[in-house]
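As a plain string of letters, each chain reads:
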Amino acid sequence: MNGKRLKLVGGLAVALTVIGGLGATGAAAAPGAPGPRYTAGSQGAGDAYFPYSGNGGYDVSHYDLDVTYTPPAAAPAPLEGRFEGVATIDLVATQDLDRFNLDLRGMEVSSLTVDGKPARAIAPPAPGAEVDGAAYWHVQDDEERIWELTVQPRPKIKKGQSVQLVVEYGGTTTRPLDIEEAPYGWWTTRDGAMVVSEPDGSMTWYPVSDHQTDKASYSFAITVPEGKVAVANGVQSKPEQTAGGWTTWYWDAPDQQASYLTTASVGDFELRPTYTSTSGVPIIDAVDTKITGNALTNTNASLGLQPQMIDFLESRFGPYPFNSYGSIVDNDSVGYALETQTRPVYSGSAGQGTVLHELAHQWFGNAVSPERWADIWLNEGWATYATWLWTEHRGGITAQQAYNNWYAPARTPAYWSFQIGDPGALGLFATQVYNRGAATLHALRVEVGDEAFFAGSRLWLERHNDSAGTAEDFQAVFEEVSGEDLDAFFQTWLYDQVKPPATWTLP
Ligand code: TRP
Ligand code: ZN
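Rules used throughout
Residues numbered from 1 in each chain as written. Chains lettered and ligands numbered in written order. Predicted model: local features only at pLDDT ≥ 70, side-chain atom pairs only at ≥ 80, totals over all residues. Heavy atoms only, no water. Helix = DSSP H or I, 4+ residues; strand = E, 2+ residues; numbered from the N terminus. Rg over C-alpha atoms; globule rule 2.2 N^0.38 Å. Buried < 20%, exposed > 50% of the residue type's maximum accessible area, 1.4 Å probe, protein only. Contact = heavy atoms within 4.5 Å. Areas by Shrake-Rupley, 256 points an atom, 1.4 Å probe, with all protein chains shown as cover. Lys, Arg positive; Asp, Glu negative; His and termini not counted. Charge placed at Lys NZ, Arg CZ, Asp CG, Glu CD. Pairing = 2+ DSSP bridges. Salt bridge = Lys/Arg side-chain N within 4 Å of Asp/Glu carboxyl O. Near = heavy atom within 4 Å. Polar contact = N/O pair within 3.5 Å; in protein donor to acceptor, adjacent residues only side chain to side chain. 1 Å grid on protein atoms, 1.4 Å probe; cavity = no way out; pocket = protein on both sides within 12 Å on 5 of 7 lines; lining within 4 Å. Sits in = over half its atoms within 2 Å of the grid points. Donors = N, O, S within 2.8 Å, 3.2 Å for Na, K, Ca; no water. Points joined across faces, edges and corners; volume = space filled by probe spheres on them. Expected span 1.5 Å × (residues − 1).

Caption draft 1: Geometry of the overall build of the protein. What the protein contains, in helices and strands, is 11 helices and 25 strands. Its C-alpha atoms give the protein a radius of gyration of 23 Å, within 12% of the compact-globule value 23 Å for 507 residues. Across its three principal axes, the protein shows a C-alpha extent of roughly 70 × 65 × 40 Å. Every one of the 507 residues in the protein was classed for burial, and the buried ones make up 57%. The long-range fraction of contacts in the protein, counting pairs at least 24 apart against all pairs at least 6 apart in sequence, stands at 70%. With the model as given, the accessible surface of the protein reaches about 18,800 Å², and the carbon-plus-sulfur share is 53%. For the protein, the distance from the average position of its 31 positive side-chain charges to the average position of its 60 negative side-chain charges is 2 Å.

As structure tokens, then:
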């Protein structure tokens, strides 16, 4: 379902002409004449950093993903898997639709139906060219980062109409790289796949409106060779079934979910028995059986704290937002973790601070997502600040001391000139987004006082729950609870390209 609509950015109009035809609606109407009633849904959600991510003209309500996956053979065979998928997508048109797009990268579509009516595959038409009948075409331009699957349904779709799309697709999986050349998407491992897609890697494994302004619920049937375990978001909707050397794992994630938070990781996992937080959240962990020694000891110690961590964050920020929780710990180490919804993924081992960080993202980032990628500090600043609060709660240094430790040392001009409120696509996960982001929240707390700070945090989470919000929305909430004008505050912390003054540093 859509949150608020984003404004189209300048770059998008240019991009439209580059692809040609994707957004075209035919010859211009005579002045004063009504425009064509059925038009093309936009090919992006309007995000300035990723103009082709997400799509317009419809709202997805549910993705049902049926995947059959064969992991790579033993080394020295290439690290490539075989992937076949059937995506059943329920969507509602938000305008009269002549055609619309999905995002899909590195996969080939073999069949596509809209409400059971087949569309035929064609080559991308020339700009402005008319296409007869129901059809689909796929532009995959790695250089320009354009991955757009266009569907022309016939009959056309009326505004408000619900339709079901079934896409059969597949391909060879590899190790996709994001814009920063960091691994993401359906990241093929020797024993399976570690599926971590922030910011726009979900399109590497299913056709999707790949932007957090269109959240949806999910269900999964993941079929893997017998002995492999597939773990996705949510809960197992029924026991796995094995036949003829293949096991199908069924998962159900009924809560609204941003596409970058979808996972269906495959590996040699031990799926551990479910346990619960005090408040009754079922916790389901999957740990790679190849993790041993210190890595396993540390991982088990951190995972064992998850119930207490949930209790702690609930006491500060209100109820845990989803139907379940738990961790996926993969041994294929690329050295980082992602807060996939209800079930973060860790590589190598799971440290205590990281586990708290990914858990905090369930409130900050997942239940309430950054409406634009430029708002990423609302994710990483909060998750980092939550670790400061946890450390204090556990008898370590206070949040104030953590802030002082960040504030005191001399840092380079380059460090201070970085704008966390507009980090750029290449700066989304820069260190400043995390620690200046956390410091921003601590300074805000000093500015408005504890009571308004925690009231504002909860109001933010309630108001934008299951949806998304911007830095301006965030400011509005804290102005409301504090009665203060916070323009200068957020200007200083998010945009001023210098070290913030000591105004917010308590003794
Ligand atoms: N959001 C992650 C964190 O908890 C970092 C991250 C961004 C990431 N993109 C990723 C991790 C892709 C794994 C894969 O800070
Ligand atoms: Zn994070």
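Past the structure itself, the notes keep going.
Caption draft 2: Seen up close, the sheet that holds strand E3 (residues 81-93). One open sheet accounts for 12 strands, arranged E1-E4-E8-E7-E6-E5-E9-E3-E2-E12-E15-E14; its pairing is mixed. The two strands at the open ends of the sheet, each matched to only one other strand, are strand E1 (39-40) and strand E14 (235-243).

Caption draft 3: Representation of the pattern of salt bridges within the structure. Applying the stated rule across the entire model yields 15 salt bridges. Among the salt bridges present, the one from arginine 37 reaches aspartate 96, with a minimum N-O distance of 2.8 Å. Here the residue arginine 37 occupies a position in the loop between helix H1 (10-19) and E1, and aspartate 96 occupies one in the loop between E3 and strand E4 (97-102), the gap between them amounting to 59 residues. Assessed through its relative accessible area of 53%, arginine 37 is described here as exposed. Among the ionic contacts, a cluster of salt bridges with common partners joins Asp191, Lys228, Asp268, Asp288 and Lys290.

Caption draft 4: Spotlight on the site of ligand 1. What surrounds ligand 1 is a group of 13 residues, the closest being Glu198, Glu339, Glu358, Glu380 and Tyr434. Contact distances for ligand 1 include 3.3 Å between an oxygen atom and a side-chain N or O atom of histidine 357. Between a nitrogen atom of ligand 1 and a side-chain N or O atom of glutamate 380, the distance comes to 2.9 Å. When each cavity is represented as a set of grid points, ligand 1 is found to reside in the largest pocket. Residue assignment for the shell around ligand 1 shows that the elements contributing at least two residues are strand E22 (337-338) and helix H4 (352-363). Per-element accounting of the shell around ligand 1 gives the leading share, three residues, to H4.

Caption draft 5: Main features of the pairing of E4. For E4, a buried count of six out of six residues is recorded, marking the element as mostly surrounded by other parts of the structure. In terms of strand pairing, E1 meets E4 through two bridges, oriented parallel. Residue alanine 40 lies in a different strand from E4, and its bridge partner there is arginine 99. Sheet topology note: the E4/strand E8 (residues 146-152) ladder contains three bridges and is antiparallel. Counterpart to phenylalanine 100 in the pairing with E8 is valine 151.

Caption draft 6: Here's a closer look at the coordination of the zinc ion (ligand 2). For the zinc ion (ligand 2), the protein coordination sphere consists of His357 (NE2), His361 (NE2) and Glu380 (OE), at 1.9 to 2.0 Å. In primary-sequence terms, the residues that donate to the zinc ion (ligand 2) follow H-x3-H-x18-E. With histidine 361 in helix H4 and glutamate 380 in helix H5 (residues 377-393), this pair connects stretches of sequence that are 19 residues apart. Residues histidine 361 and glutamate 380 agree in their burial class; the two are buried.

Caption draft 7: Inspection of the layout of surface pockets at higher detail. By volume, the largest pocket is sized at about 340 Å³. Contributing to the lining of the largest pocket are 18 residues, with Glu198, Tyr336, Ala337, Phe429 and Tyr434 lying nearest its centre. Those elements that place two or more of their residues in the lining of the largest pocket are E22 and H4. Take the lining of the largest pocket: its biggest share by element is three residues, from H4.

Caption draft 8: Looking closely at helix H3 (residues 306-317). A rise of 1.5 Å per residue sets the reference length of H3, with its 12 residues, at 16 Å; its end C-alpha atoms lie 16 Å apart and thus fit the reference within 8%. Every buried residue of H3 is listed here: Gln306, Pro307, Met309, Ile310, Phe312, Leu313, Glu314 and Phe317. At the exit of H3 stands glycine 318, carrying a positive phi of roughly 90 degrees.

Everything listed here is a matter of geometry and, on its own, says nothing about what the molecule does.
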